[in-house]
Amino acid sequence: MKVEQKGHTTIIKDTLGQTAEFLMKVTHEHNTYKNNNLILDLSHDKNLSLEDVKSFAELIKLHKKQKKSIVLVSDNVNFNAVPKSITLVPTLLEAHDIIEMEEIERDLGF
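First things first, this report covers the structure right here in the doc. (Residues numbered from 1 in each chain as written. Predicted model: local features only at pLDDT ≥ 70, side-chain atom pairs only at ≥ 80, totals over all residues. Heavy atoms only, no water.)

Moving on to unusual backbone geometry. Even without a glycine there, the phi angle at K67 is positive, about 60 degrees. Here K67 shows up in the loop between α4 (57-64) and β4 (70-73). Take K67: its relative accessible area is 59%, and that puts it in the exposed class. (Helix = DSSP H or I, 4+ residues; strand = E, 2+ residues; numbered from the N terminus. Buried < 20%, exposed > 50% of the residue type's maximum accessible area, 1.4 Å probe, protein only.)

Laid out in structure tokens, this is it:
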């Protein structure tokens, strides 16, 4: 797990490609990141499935209660099959763009 801070966003990369262990670590350390927007980079896991992505639902719900954004990054899953409550994008650049848009929406009161 590699953690990188960029402004008001924390990028956490899964360096092992083991999504279940990564989710457990991030959930366990959530209090450390709860005041930042999060990008969870799952692109190292080439065997990532839709079920793996769905397993992040509880963490996403918990993080969004803090009025912060959380975006998953992977290009190995069919984006059309992902539930609307989960934001999944193929690149880090798109993840940053989504967070910026959500920050603007929160600033405007949407």
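Next comes the rest of the write-up.
Of all the positions in helix α1 (residues 19-28), only T19, F22, L23 and V26 are classed as buried. The arc that holds every buried residue of α1, seen down its axis, measures 100 degrees, which confines them to one face. Within α1, the exposed residues directed more than 90 degrees away from the buried face are A20, M24 and H28. Looking at the packing, one finds that the buried side of α1 touches β2 (9-13), α2 (30-33), β3 (37-41), α3 (50-54) and α4. (Arc of directions from axis to C-beta. Contact = heavy atoms within 4.5 Å.)

A contiguous nonpolar patch, built from I104, L108 and F110 and spanning about 400 Å² of accessible area, is present on the exposed surface. We classify F110 as exposed; its relative accessible area is 75%. (Patch = residues over 30% accessible without salt bridge, like charges linked within 9 Å, V, L, I, M, F, W, Y side chains within 5 Å. Areas by Shrake-Rupley, 256 points an atom, 1.4 Å probe, with all protein chains shown as cover. Salt bridge = Lys/Arg side-chain N within 4 Å of Asp/Glu carboxyl O.)

So, about the nonpolar core. If you look at the biggest cluster of nonpolar residues, it comprises 19 residues, and the most contacted ones within it are I12, F22, L40, V53, F56, L59 and L72. Elements supplying a minimum of two residues to this core: α1, β3, α4 and β4. By residue number, the principal contributor to this core is α1, which donates 3 residues. Discounting chain neighbours no more than four positions away, the residues touching I12 are M1, K2, V3, F22, V26, Y33, L38, I39, L40 and D41. Counting residues in each nonpolar core, the second largest holds 7 residues, with I39, V71, V89 and A95 among its members. (Core = buried A, V, L, I, M, F, W, Y, C linked by side-chain atoms within 4.5 Å.)

Moving on, we get to α4. Looking at α4, one finds that the buried residues are L59, I60 and H63. Summarising the axial view, the buried residues of α4 lie within an arc of 100 degrees, below the 170-degree limit, and thus occupy one face. In α4, the exposed positions that point more than 90 degrees away from the buried face belong to E58 and K61. Looking at the buried residues of α4, the elements they touch are α1, α2, β3 and β4.

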